[in-house]
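# Coordinate analysis (summary)
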Amino acid sequence: MERIRCDRTATWRGLQNLFANGGQTFDLRRAFADDAGRFAAFSQSAPHVFADLSKNLLDREAQRLLFALARQCGLEQHRDAMFAGETINNTEQRQVMHWLLRSPAAAGLDNLTSERAQVHTVLDAMLAYAQSVRADETITDIVNIGIGGSDLGPQMAVQALDSFVLPGKRFHFVSNVDGHELDAVLKRVKPASTLFLIASKTFTTIETMTNARSARQWFEANGGSDIGRHFAALTTNVAAANAFGIRTTFGFWDWVGGRYSVWSAIGLPLAIAIGELGFRAFLAGAHEMDEHFRRAALESNLPVRLGLLDLWYRNFHRFSSRSIAPYHSALRRLPAYLQQLEMESNGKCVDAHGQALRFGTAPVLWGEPGTNGQHAYFQMLHQGTDTVPVEFVAVKNPRHDLAGHHELLLSNVLAQAQALMVGQRDTGGHKNFPGNRPSTFLLLDELTPTTLGALIALQEHRVFVSGSLWGLNSFDQWGVELGKVLAKDVQARLHSGDIEGLDASTAGLLQRLR
Ligand code: F6P
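Cut-offs applied
- Residues numbered from 1 in each chain as written.
- Predicted model: local features only at pLDDT ≥ 70, side-chain atom pairs only at ≥ 80, totals over all residues.
- Heavy atoms only, no water.
- Helix = DSSP H or I, 4+ residues; strand = E, 2+ residues; numbered from the N terminus.
- Rg over C-alpha atoms; globule rule 2.2 N^0.38 Å.
- Buried < 20%, exposed > 50% of the residue type's maximum accessible area, 1.4 Å probe, protein only.
- Contact = heavy atoms within 4.5 Å.
- Areas by Shrake-Rupley, 256 points an atom, 1.4 Å probe, with all protein chains shown as cover.
- Lys, Arg positive; Asp, Glu negative; His and termini not counted.
- Charge placed at Lys NZ, Arg CZ, Asp CG, Glu CD.
- Near = heavy atom within 4 Å.
- Polar contact = N/O pair within 3.5 Å; in protein donor to acceptor, adjacent residues only side chain to side chain.
- Nonpolar A, V, L, I, M, F, W, Y, C, P; charged D, E, K, R; others polar.
- Domains from an automatic or database assignment.
- Pairing = 2+ DSSP bridges.
- Right-handed = clockwise from strand over helix to strand, strands pointing away.
- Axes fitted to C-alpha atoms, helices over the stretch in contact; angles between N-to-C directions.
- Parallel < 35°, antiparallel > 145°, perpendicular 65-115°, else oblique.
- Core = buried A, V, L, I, M, F, W, Y, C linked by side-chain atoms within 4.5 Å.
- pLDDT = per-residue confidence, 0-100.

It is worth spelling out the overall build of the protein chain at this point. When helices and strands are counted, the protein chain shows 19 helices and eleven strands. Computed over the C-alpha atoms, the radius of gyration of the protein chain is 24 Å, within 12% of the 24 Å expected from 2.2 N^0.38 for a compact globule of 514 residues. Reported as C-alpha extents along the three principal axes, the dimensions of the protein chain are approximately 75 × 60 × 55 Å. Residues counted as buried form 54% of the 514 residues belonging to the protein chain. For the protein chain, long-range pairs separated by at least 24 residues make up 74% of all intrachain contacts whose partners lie at least 6 apart in sequence. On the protein chain, roughly 22,200 Å² of surface is accessible, and the fraction owed to carbon and sulfur atoms is 52%. Between the mean site of the 49 positive side-chain charges and the mean site of the 51 negative ones, the protein chain shows a separation of 2 Å.

Structural data, given as structure tokens:
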């Protein structure tokens, strides 16, 4: 079945009418007063995640129309096509199968038996290697060199699962081509006790290759002798890794997008950090969410409900950003991770057939852990001129026993969501809080490998949902290419001083930088 873009359906017009006649002036406080069942109707459990969507600017009729829209657009068929291994990444002619990386070995009742077998062969080898690094007391520092999806996923997850990390191992993540970053790490490690993981799907990314070469040079210049033991590569381009001099390689496949690759060999730093059982639990949590997304009716399908809400906010309320507020300090890289996931997937102004879109797509995602954000930008969330939907992420049970802290943390996250909604009337002006500001509340019982896996897979699928209805190919990223091409030209000019044909601003800055 052909996908139908959301704005070409009859329901799209129905939603426009609904928005014009009541949707726009929807008031959360009135909605709760009028509907005693609102919390129950707009909250739900999914594997390892409880979600309260009731503090969003959405009523039952809007939600009903959004489900109808999803059906008309062919969301279920599109989702099933992804899970059937069809080439839904049409601009690159690739399958989209990051979900297969977390599918159990025994699940092979489909035509993907050979891919599944390859996945488990690499997974078993990589986990055996991770276990051997864990057991090797001479290796104390693991330096991951990668960028984008080859950095953000493992970095976010290693930090998030900090309390599960093997004592005695330190993890460093070098992504930026800015030499300050690598330099700072190299000053803290020694060749004999360091393992460098060169993480790059393509093994051509200029930042990663530059950092990898400098790391190798430093290693050799400082008495390091055994590159075979101290360097490993995580890549789909094993030949290039071999040419670089690396013998230990763990591969993956072109059907794993960079921003979806933490489940593949790119997850090796995490596997070393939390061990084989932990990594398998991370995959299992994500798999449970895959099954939920695949099988639950749209009405009780959490990624679907979140993705539809995202569309409602972007295209009808026209909100252009969403703030992520994880109330757990270990989730401090979650906003950056989600930025890549959503903005690289859905930050597009043409549909999968290259046709220009006349509606908004990916919002800006941003945020910081709570309660820090409260003392920085929450002022704007409460009293600014723009409405920014907030997504709170809270964890019920802490993994420390410092008295009082967690209760205070949870009180704050609840109070912020409440304050955004209820507001405060003050005729004097400055103390007036308009209220009616929407938020979603995602709640985990604990932050563990399993629950983190489920949370991340939930986010992947909600991005699939909005991208699908918008008619996008969420799995390419042509938009990052132009800057890469121009950087090569500018680098040559910085060298030579040639400003011929440049715009005046670029030329002026280039001359100052020489
Ligand atoms: O920034 C573009 C991008 O292609 C991302 O999608 C990807 O995660 C990143 O570069 C790194 O690519 P690679 O893993 O091939 O080095």
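This part takes up helix 5 (residues 75-83). Of all the residues in helix 5, the buried ones are L75, H78, R79, A81, M82 and F83. Looking at the buried positions of helix 5, the neighbouring elements they touch are helix 4 (60-73), helix 12 (268-295), helix 13 (302-317) and helix 17 (449-469). Two residues or fewer after helix 5 comes G85, characterised by a positive phi angle close to 80°.

Position of F244 relative to the elements: it lies in helix 11 (residues 238-244). Contact partners of F244, with chain neighbours within four places excluded, come to F203, A212, R213 and R216.

It is worth spelling out the site of the ligand at this point. Lining the immediate surroundings of the ligand are 13 residues, of which S150, S200, T202, T205 and E344 lie closest. In the model, an oxygen atom of the ligand is placed 2.7 Å from a nitrogen or oxygen of the K201 main chain. Within the side chain of T202, a nitrogen or oxygen atom sits 2.6 Å from an oxygen atom of the ligand. In the complex, 87% of the free accessible area of the ligand, which totals 390 Å², lies under the protein chains. Classifying every residue of the shell around the ligand gives two nonpolar, nine polar and two charged.

Time to look at the domain arrangement of the protein chain. Along its sequence, the protein chain is organised into domain 1 (6-73 + 296-471), domain 2 (98-274) and domain 3 (481-513). When each unit is reduced to the centre of its C-alpha atoms, the spacing between domain 1 and domain 3 is 41 Å.

Moving on: the pairing of strand 7 (residues 248-251). Two faces make up the sheet, and in a regular strand the side chains alternate between them. Examined bridge by bridge, strand 6 (residues 231-235) and strand 7 share four bridges and lie parallel to one another. Counted as the bridge partner of A232 is T248 from strand 7. Assessed by its sense of winding, the connection that carries the chain from strand 6 through helix 11 to strand 7 is right-handed.

Further remarks concern the sheet that holds strand 8 (residues 321-327). In space, the six strands of this open sheet follow the order 1-2-11-10-8-9, with mixed pairing throughout. Strand pairing shows two members of the sheet lacking a second neighbour, strand 1 (43-46) and strand 9 (364-367), which therefore form its edges. Taken over all neighbouring pairs, the strand axes of this sheet differ in orientation by 20° on average, direction set aside. The sheet contact formed by strand 10 (residues 390-395) and strand 11 (residues 439-444) spans six bridges and is parallel. Following the sheet pairing, V390 is matched in strand 11 by S439. This element, helix 14 (residues 334-346), spans strand 8, strand 9 and strand 10 of the sheet and lies at about 175° to strand 9.

This paragraph deals with the packing of helix 4 against helix 13. Look at helix 4 against helix 13: their axes get within 10 Å of each other, and the N-to-C directions meet at 105°. As the angle between them shows, helix 4 and helix 13 are arranged roughly perpendicular. Each of A62, Q63, L66, F67, L69 and A70 in helix 4 lies in contact with helix 13, whose residues at this interface are V304, R305, L308, L311 and W312.

What follows concerns the environment of E446. Here E446 shows up in the loop between strand 11 and helix 17. The exposure class assigned to E446 is partly exposed, which follows from its relative accessible area of 34%. C-alpha separation for the pair E446 and A70, spaced 376 residues apart in sequence, amounts to 32 Å.

The next thing to look at is the nonpolar core. Among soluble globular proteins, nonpolar side chains are generally buried collectively. Counting residues in each nonpolar core, the largest one holds 120 residues, and the members touching the most others are L268, W312 and L452. Here this core takes twelve residues from helix 12, the largest share from any one element. Two domains each donate at least three residues to this core, and these are domain 1 (6-73 + 296-471) and domain 2 (98-274). Once residues lying within four places of it in the same chain are set aside, the contact partners of L452 are M156, A157, A160, L161, F282, L331 and L447. By size, the runner-up hydrophobic cluster in this structure holds 21 residues, among which are A212, A215, F219 and F244.

Residue T371 is reached from G370 by a cis peptide bond, and omega for that bond is 10°. By the element assignment, T371 lies in the loop between strand 9 and helix 15 (378-383). In this structure, H48 takes a positive phi of about 70° despite not being glycine. Examined against the element boundaries, H48 turns out to sit in the loop between strand 1 and strand 2 (49-52). With relative accessibility at 31%, the residue H48 sits in the partly exposed group. Phi at F203 takes a positive value of approximately 60°, unusual for a residue other than glycine. Within the fold, F203 resides in the loop between strand 5 (194-199) and helix 9 (206-221).

Here we come to the sheet that holds strand 6. As summarised here, the arrangement of the five strands in space is 4-3-5-6-7, forming an open sheet in which the pairing is parallel. Edge positions in the sheet fall to strand 4 (170-174) and strand 7, since each has one partner strand and no second. Averaged over neighbouring strand pairs, the angle between their axes works out to 20° when direction is ignored. Bridging between strand 3 (residues 141-145) and strand 5 involves five bridges; their strand directions are parallel. Its bridge partner lying in strand 5, V143 is registered against F196. Taken strand by strand, helix 8 (residues 179-186) contacts strand 3, strand 4 and strand 5, and its axis lies near 160° from that of strand 4.

Right, let's get into the confidence of the model for the protein chain. Of the residues in the protein chain, 99% reach a pLDDT of 70 or more, and the chain-wide mean stands at 96. Confidence scores differ between elements of the protein chain, with helix 18 (residues 481-496) showing the lowest mean pLDDT of 90 and helix 17 the highest of 99.

Take S175: it is sitting in the loop between strand 4 and helix 8. Sequence separation between S175 and R294 is 119 residues; the distance between their C-alpha atoms is 34 Å. Not counting residues within four places of it along the chain, the set of residues in contact with S175 comprises G146, I147, D151, E181, E207 and N211.

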